[in-house]
Amino acid sequence: MYLALIPDAESLAALQRFVPTLPADAHLTVIHSGALLRPMPLPTWTGGLTLAAQGVRLFGGRIKKPVLVLDKDNVPIHSIRKQAEDILRAARLPQSTSWPFAPHIAIGAGLRVGPPPETIRFDQMEWR
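Residues numbered from 1 in each chain as written. Predicted model: local features only at pLDDT ≥ 70, side-chain atom pairs only at ≥ 80, totals over all residues. Heavy atoms only, no water.

Novice: For the overall build of the chain, give the residues involved together with the corresponding values.
Specialist: From N to C terminus, the chain includes two helices and six strands. Starting at the N terminus and ending at the C terminus, the chain contains elements arranged as β-α-β-β-β-α-β-β. For a compact globule of 128 residues, the expected C-alpha radius of gyration is about 14 Å, and the chain comes in at 14 Å, within 12% of that figure. Seen through its C-alpha atoms, the chain measures out along the principal axes to roughly 45 × 35 × 25 Å. The 128 residues of the chain split such that 41% are buried. Long-range contacts, defined here as pairs at least 24 residues apart, represent 79% of the contacts in the chain between residues at least 6 apart. Across the chain, the 14 positively charged side chains and the 10 negatively charged ones have centroids separated by 10 Å. (Helix = DSSP H or I, 4+ residues; strand = E, 2+ residues; numbered from the N terminus. Rg over C-alpha atoms; globule rule 2.2 N^0.38 Å. Buried < 20%, exposed > 50% of the residue type's maximum accessible area, 1.4 Å probe, protein only. Contact = heavy atoms within 4.5 Å. Lys, Arg positive; Asp, Glu negative; His and termini not counted. Charge placed at Lys NZ, Arg CZ, Asp CG, Glu CD.)

Dropping the structure here:
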């Protein structure tokens, strides 16, 4: 299970123009747990968050995958992450700790067309 921030329609369209093969379920994973999906409270937020894109990088362990790196110094994203950690802790669920929190959207190895979007706006959050 993971907490996903979902790009708004305009940002998703911009991402899909950049990477035409990008799946419609593209998201930013705020936190991941090995637990099975179950009803969980959501962190509080204003219902909107815009993050600046920092470029494309390779992320991962042995098998690296291209991602669009997003602003890691954004205070609201760290507040959402902290609340998500607290929610998992209160539910006595583990959180994955293999990687430090690095906000990004996986874009896969598809053909990239033109420059990436400058910003991504998120307007939904859900546990998946």
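Novice: Run through the environment of Val67, naming residues and quoting values.
Specialist: Within the fold, Val67 resides in strand β4 (residues 65-70). You can call Val67 buried: its relative accessible area is 4%. On a C-alpha basis, the gap between Val67 and Arg57 in space is 5.6 Å, while along the polypeptide they are 10 residues apart. Apart from the residues lying within four places of it in its own chain, the contact partners of Val67 are Gly55, Val56, Arg57, Phe59, His104, Ile105, Ala106 and Ile107.

Novice: So what about the side chain of Ser33? Which residues, and what values?
Specialist: Mapping Ser33 onto the fold places it in the loop between β2 (28-32) and β3 (49-59). Take Ser33: its relative accessible area is 1%, and that puts it in the buried class. Side-chain polar atoms of Ser33 contact the backbone nitrogen of Ala35, separated by 3.1 Å. Side-chain polar atoms of Ser33 contact the backbone oxygen of Pro94, separated by 2.5 Å. Excluding residues within four positions of it along the chain, Ser33 makes contact with Met1, Leu88, Leu93, Pro94, Gln95 and Ser96. (Polar contact = N/O pair within 3.5 Å; in protein donor to acceptor, adjacent residues only side chain to side chain.)

Novice: Would you mind going over the nonpolar core in detail, with residue names and values included?
Specialist: Ranked by size, the top nonpolar core spans 32 residues in total, and within it Leu28 and Leu70 carry the most contacts. Put simply, the parts of the chain that give this core at least two residues each are β1 (2-7), α1 (9-18), β2, β3, β4, α2 (75-90) and β6 (119-127). Tallying contributions element by element places α2 first for this core, with five residues. In contact with Leu70, other than residues within four places in its own chain, are Leu28, Leu51, Ala52, Ala53, Gln54, Pro103, His104, Ile105, Ile120 and Phe122. (Core = buried A, V, L, I, M, F, W, Y, C linked by side-chain atoms within 4.5 Å.)

Novice: Tell me about the pattern of salt bridges, and name the residues and values.
Specialist: Here the structure, examined in full by the defined rule, presents five salt bridges. The residue Asp8 makes a salt bridge to Arg121 at a minimum N-O spacing of 3.8 Å. In this pair, Asp8 is assigned in the loop between β1 and α1 and Arg121 in strand β6, connecting sequence segments 113 residues apart. With a relative accessible area of 13%, Asp8 lands in the buried category. With a relative accessible area of 36%, Arg121 lands in the partly exposed category. Of the charged contacts, one joins Arg89 and Asp86 as a salt bridge, the two residues approaching to 2.8 Å between their closest N and O atoms. In this pair, Arg89 and Asp86 both sit in helix α2, three residues apart, roughly one turn of the helix. Residue classification places Arg89 among the exposed positions, given a relative accessible area of 52%. The partly exposed category is assigned to Asp86, whose relative accessible area is 31%. Several salt bridges converge on common partners, so that one network encompasses Lys82, Asp86 and Arg89. (Salt bridge = Lys/Arg side-chain N within 4 Å of Asp/Glu carboxyl O.)

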